[in-house]
Amino acid sequence: MGVSFDKVDGSIWLKFDIAPTANPVSATDRAAKLENLGFGRVFTEHMAIVHYNQAQGWHGAKVESRANFPLDPATAVLHYAQEIFEGLKAYKRDDGGINLFRPDANARRFKNSADRMAMAPIPEAVFIEAVEQVVRIDRDWIPGGEGSLYLRPFMIASEIFLGVKPSAEYIFAVIASPVGSYFKRGPAPVSIWVSENYTRAAVGGTGAVKCGGNYAASLRAQAEAIDHGCDQVVFLDALERRYIEELGGMNVFFVFDDGSLSTPPLGTILPGITRDSIIALAREAGTEVREEPYTLAQWRTDAASGKLKEAFACGTAAVISPIGKVCSAHGDFVINGGEAGPVAMGLRKQLVDIQYGRAPDTHGWIRNVG
Ligand SMILES: *Cc1c(COP(=O)(O)O)cnc(C)c1O
């Protein structure tokens, strides 16, 4: 469709030039930083970076000291938001080894995102190699226990040009941030606010890709949720404003009294890797999982009648968050007495055990980084 990136397939293999930081953080300082981890405020010492231009394709792959990007004020991403990202985690196993969870799925999704945003697709092998290099060089930053190292691969349009067109140059980078256990005192169910004024994605739009612009457009709705005393926002479909789509950054599941699960179908929602993994685990256990539209009205009715037993949100950051309460301009309702339910918590444990290598990996989901 008029966007071609000739050199992409030529650069199947890139050798990363590794330049460890000249001023490493001392073990004492690192331990202090790892003490009080929230989400996304503490960073490791290195980053991976790869450049793209039309003459050279992907080139200049490096692992180096984490540092500022020098960006000209006319850099395309600053004006037209041609940007995509990913999120995945590295987990420290009890034997000291390191697991990545389904990095190939992130690499594939990143490629799909690049395609939708008319950006140069980075070869999946280069994406995975960049992630692994950062994990290896910053392995001392992976917290033990229930903590993990959150990896953030991203790509920006770096051409200096104010015309509106796909950029001819890109920067791909991977940074890393140690994160603590999401739930400090057991799983606290979240309350969610149904956004009736704002939508997240329409058919033909960018809802199914991980681009920063989706998040920028969701912040007003998220602020509305906070104003109403809720933790998170949940969006309805843009056409009829009846069907549940997903939260700002998490997919959603419903658990029924016959033991079955349902989750909104793919299309305008982000195809979560956690969502996909939960569907696989539940189906293997003999649970019926339907990918089908579900209305807010039906959710309210089923919660009242007892047909709906549990609801939960899922994504890489929190894995599974039970939903305890749903609030909207048309009234609130409580799910499972506002408590975490056994199905959500059981699936959560199953998934987390695989991620930390405490349960066998029968799906080829784990990549051992040594
Ligand atoms: C990243 C993301 C998710 C969750 O995807 P995972 O692969 O499970 O982390 C869900 N919804 C949105 C909008 C997202 O950006």
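Keep in mind the model is a prediction, meaning the values are calculated, not measured.

Further remarks concern the packing of aromatic side chains. For the structure on display, the rule yields 15 aromatic pairs. A ring pair is formed by Phe 254 and Trp 299, whose centres lie 4.9 Å apart and whose planes are at 75°; its orientation type is edge-to-face. Taken together, the positions of Phe 254 in strand E12 (residues 251-256) and Trp 299 in helix H7 (residues 296-305) put the pair 45 residues apart, joining distant regions of the chain. In terms of burial, Phe 254 and Trp 299 fall into one category: buried. An aromatic cluster is built from Phe 254, Phe 256, Tyr 294, Trp 299 and Phe 333, whose rings are joined through pairwise contacts. Positioned over the ring face of Trp 141 is Arg 30, at 5.7 Å from the centre of the ring. Stacked on the ring of Phe 43, the Lys or Arg Arg 66 has its end atom at 4.3 Å from the ring centre.

Bringing the pairing of strand E9 (residues 190-195) into the picture now. Of all six residues that make up E9, six are buried, and the element is covered over most of its length. Neither face of E9 is exposed, since Val 190, Ile 192 and Val 194 on one face and Ser 191, Trp 193 and Ser 195 on the opposite face are all buried. Here E9 pairs with strand E16 (residues 319-327) via four bridges, running parallel. When the sheet's bridge partners are listed, Ile 192 is paired in E16 with Val 326. Note that E9 and strand E10 (residues 232-236) share four bridges and pair parallel. Across the sheet, the residue bridging to Ser 195 is Phe 235, located in E10. Handedness of the β-α-β unit built from E9, helix H5 (residues 212-227) and E10 comes out right-handed.

Every one of the 15 residues lining the ligand counts as a neighbour, but Lys 210, Tyr 215, Glu 246, Thr 274 and Thr 316 are closest to it. At a separation of 2.8 Å, an oxygen atom of the ligand approaches a polar side-chain atom of Arg 109. Thr 316 has a polar side-chain atom sitting 2.6 Å from an oxygen atom of the ligand. Relative to its free-state accessible area of 380 Å², the ligand is covered by the protein chains to the extent of 97%. Broken down by class, the residue content of the shell around the ligand amounts to four nonpolar, seven polar and four charged.

Attention shifts here to the UniProt feature "modified residue: N6-(pyridoxal phosphate)lysine" (unreviewed entry) in the protein chain. Taken from the UniProt record, the annotation "modified residue: N6-(pyridoxal phosphate)lysine" (unreviewed entry) applies to Lys 210. As for its position among the elements, Lys 210 is in the loop between E9 and H5. With a relative accessible area of 12%, Lys 210 lands in the buried category. In contact with Lys 210, other than residues within four places in its own chain, are Ile 84, Phe 85, Glu 86, Gly 87, Arg 109, Ser 113, Tyr 215 and Leu 270.

Criteria and cut-off values
- Residues numbered from 1 in each chain as written.
- Predicted model: local features only at pLDDT ≥ 70, side-chain atom pairs only at ≥ 80, totals over all residues.
- Heavy atoms only, no water.
- Phe/Tyr/Trp six-rings, centres within 6.5 Å; stacked < 30°, edge-to-face > 60°.
- Helix = DSSP H or I, 4+ residues; strand = E, 2+ residues; numbered from the N terminus.
- Buried < 20%, exposed > 50% of the residue type's maximum accessible area, 1.4 Å probe, protein only.
- Lys NZ or Arg CZ within 6 Å of the ring centre and 35° of its normal.
- Pairing = 2+ DSSP bridges.
- Right-handed = clockwise from strand over helix to strand, strands pointing away.
- Near = heavy atom within 4 Å.
- Polar contact = N/O pair within 3.5 Å; in protein donor to acceptor, adjacent residues only side chain to side chain.
- Areas by Shrake-Rupley, 256 points an atom, 1.4 Å probe, with all protein chains shown as cover.
- Nonpolar A, V, L, I, M, F, W, Y, C, P; charged D, E, K, R; others polar.
- UniProt positions renumbered as here; feature names shortened; annotations may be inferred.
- Contact = heavy atoms within 4.5 Å.

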